[in-house]
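Here is how the chains run, residue by residue.
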Amino acid sequence: MSDQPVAVFDSGLGGLSVVRHLRQRLPGETIVYFGDTARVPYGSKSRRTVATFALEAARFLLQFDPKLLVAACNTASALALDILRNELPIPVIGVVEPGAQAAVRLAQGRPIAVLGTEATVGSGAYVSAIAALAPGQRVVQRACPLFVPLVEEGRGPQDPIVRLAAQEYLVPLRQESVAVAILGCTHYPLLTEVIAEFLGPEVAIIDSGRETSLAVERHLQAAAALSGRSVAGRLRCYVSDNPARFQRIGSRFLAEPIEEVELVEPERYIGVSPCPS
């Protein structure tokens, strides 16, 4: 057993939807979270920039002596996971591989849709992960860039603008006979209701955050590193900008109040670990 924390980072708020599943699945674990709210979004940035930001976030979290790091950002998982695994002294779990595994299992050879940011879709990370598991599997990708700002504005599934965006992005996928859709962005679970409506009842929805929490549980069990606590673990949140906004909006992602949020000054994380050439 290990009472070391699980470290989680994201470009901003979205990774809290992963933390929500971790706290439901592994209530005894202490979690330390870093949201890079000063530099969000990662989804429109270059691979090198995303890798640099991801390494800086990870290096900041290493000071808490975590037993595991979760790259809760789909863009960072897509563009920087190999670099994180090569550069860090602890295991790293991303959100792409667990989501791909669940999708392949449910699809049984039928088409899979990937919904994500422009960077995640452009990286082809989900396509590669699915192909490694099921060569020849048909995958249809769809970038849904408006979903993130709409969620962060507090707009929900019944908001007219959300529904208009969902119609624009998702209705064309009905012609693809999709069986499974992966929510390839941690903001998208807050729009599951409207996404499922416009894709149709026959499409199974994969929440990568839930699948990632299962992957974390399996890893900690195999390593005999689950927490031995019988009480609920602590959640500590650190952000690079606007902690009040993070606390207010982040509670929606977490589905519970956020008690502790600390602002991290730039000198504590920027330039700590430049991306390798």
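You'll find the structure just up there.
Rules used in this analysis
- All chains use their own residue numbering, which begins from 1 and follows the written sequence.
- Predicted model: local features are reported for residues with pLDDT of at least 70 only, side-chain atom pairs are reported and counted for 80 or more only, and whole-chain, interface and lining totals are derived from all residues.
- Working from all heavy atoms in the structure, the side-chain values ignore hydrogens and water.
- Under the DSSP-based scheme used, a helix requires at least four consecutive residues in state H or I and a strand at least two consecutive residues in state E, with every element numbered from the N terminus.
- This radius of gyration counts C-alpha atoms alone. The globule rule is 2.2 Å times how many residues there are, raised to the power 0.38.
- We call two residues in contact whenever any of their non-hydrogen atoms come within 4.5 Å of each other.
- Under the convention used here, a 1.4 Å probe and the Shrake-Rupley method define accessible areas, while residue burial counts only the protein chains that appear.
- For the purpose of charge, His is not counted, nor are the chain termini; Lys and Arg are scored as positive and Asp and Glu as negative.
- A charge is said to be at NZ when it belongs to Lys, at CZ for Arg, at CG for Asp and at CD for Glu.
- Two strands make a pair as long as DSSP finds a minimum of two bridges between them.
- Here the axes come from fitting lines to C-alpha atoms, over the contacting stretch only for helices, and the angles between their N-to-C directions go from 0 to 180 degrees.
- Only one rule defines a salt bridge in this text: a Lys or Arg side-chain nitrogen within 4 Å of an Asp or Glu carboxyl oxygen.
- Note on classification: 1.4 Å probe, protein chains only; a residue is buried when its accessible area is under 20% of the maximum for its type, exposed when over 50%, partly exposed between these limits.
- Here a polar contact means two N or O atoms within 3.5 Å. Within protein one must be a hydrogen donor candidate and the other an acceptor candidate, and residues neighboring in sequence count only if both atoms are side-chain atoms.

Draft legend 1. Layout of the overall build of the chain. Assigned secondary structure in the chain consists of 11 helices and 10 strands. Relative to the globule expectation of 19 Å for 277 residues, the C-alpha radius of gyration of the chain, 18 Å, shows essentially globular dimensions. For the chain, the spread of C-alpha atoms along the principal axes amounts to about 50 × 45 × 40 Å. Nonlocal contacts in the chain, meaning residues at least 24 apart in sequence, comprise 77% of its contacts between residues at least 6 apart. On the chain, roughly 11,400 Å² of surface is accessible, and the fraction owed to carbon and sulfur atoms is 51%. Here the chain holds 26 positive side-chain charges and 28 negative ones, and the gap between their average locations is 3 Å.

Draft legend 2. View of the sheet that holds strand E6 (residues 139-143). On the basis of which strands lie adjacent, the open sheet formed by four strands has the order E6-E5-E7-E8 and parallel pairing. The open sheet has two edge strands, E6 and strand E8 (204-207), and neither has a second partner. Neighbour-to-neighbour, the strand axes of the sheet open up by a mean angle of 20 degrees, direction not taken into account. In terms of strand pairing, strand E7 (residues 180-184) meets E8 through four bridges, oriented parallel. Residue pairing in the sheet places alanine 181 in a bridge with isoleucine 205 of E8. Contacting E7 and E8, helix H10 (residues 208-222) crosses the sheet at an angle of about 55 degrees to E8.

Draft legend 3. Highlighting the pattern of salt bridges. Scanning the entire structure with this criterion turns up 18 salt bridges. Of the charged contacts, one joins arginine 229 and aspartate 3 as a salt bridge, the two residues approaching to 3.9 Å between their closest N and O atoms. Highlighted residues: arginine 229 in the loop between H10 and strand E9 (235-239) and aspartate 3 in the segment before strand E1 (6-10), separated in sequence by 226 residues. The residue glutamate 56 makes a salt bridge to arginine 39 at a minimum N-O spacing of 2.9 Å. With glutamate 56 in helix H2 (residues 47-62) and arginine 39 in the loop between strand E2 (31-35) and H2, this pair connects stretches of sequence that are 17 residues apart.

Draft legend 4. The arrangement of the side chain of lysine 67 in detail. Examined against the element boundaries, lysine 67 turns out to sit in the loop between H2 and strand E3 (68-71). Owing to a relative accessible area of 9%, lysine 67 belongs among the buried residues under this scheme. Here the side chain of lysine 67 touches glutamate 29 through a polar contact of 2.7 Å, side chain to side chain. Of the polar contacts made by the side chain of lysine 67, one reaches the backbone oxygen of alanine 225; its length is 2.7 Å.

Draft legend 5. Layout of the environment of valine 6. With respect to the element layout, valine 6 can be found in strand E1. Among all residues touching valine 6, those that are not within four sequence positions of it are Glu29, Thr30, Ile31, Val32, Lys67, Leu68, Val70 and Leu220.

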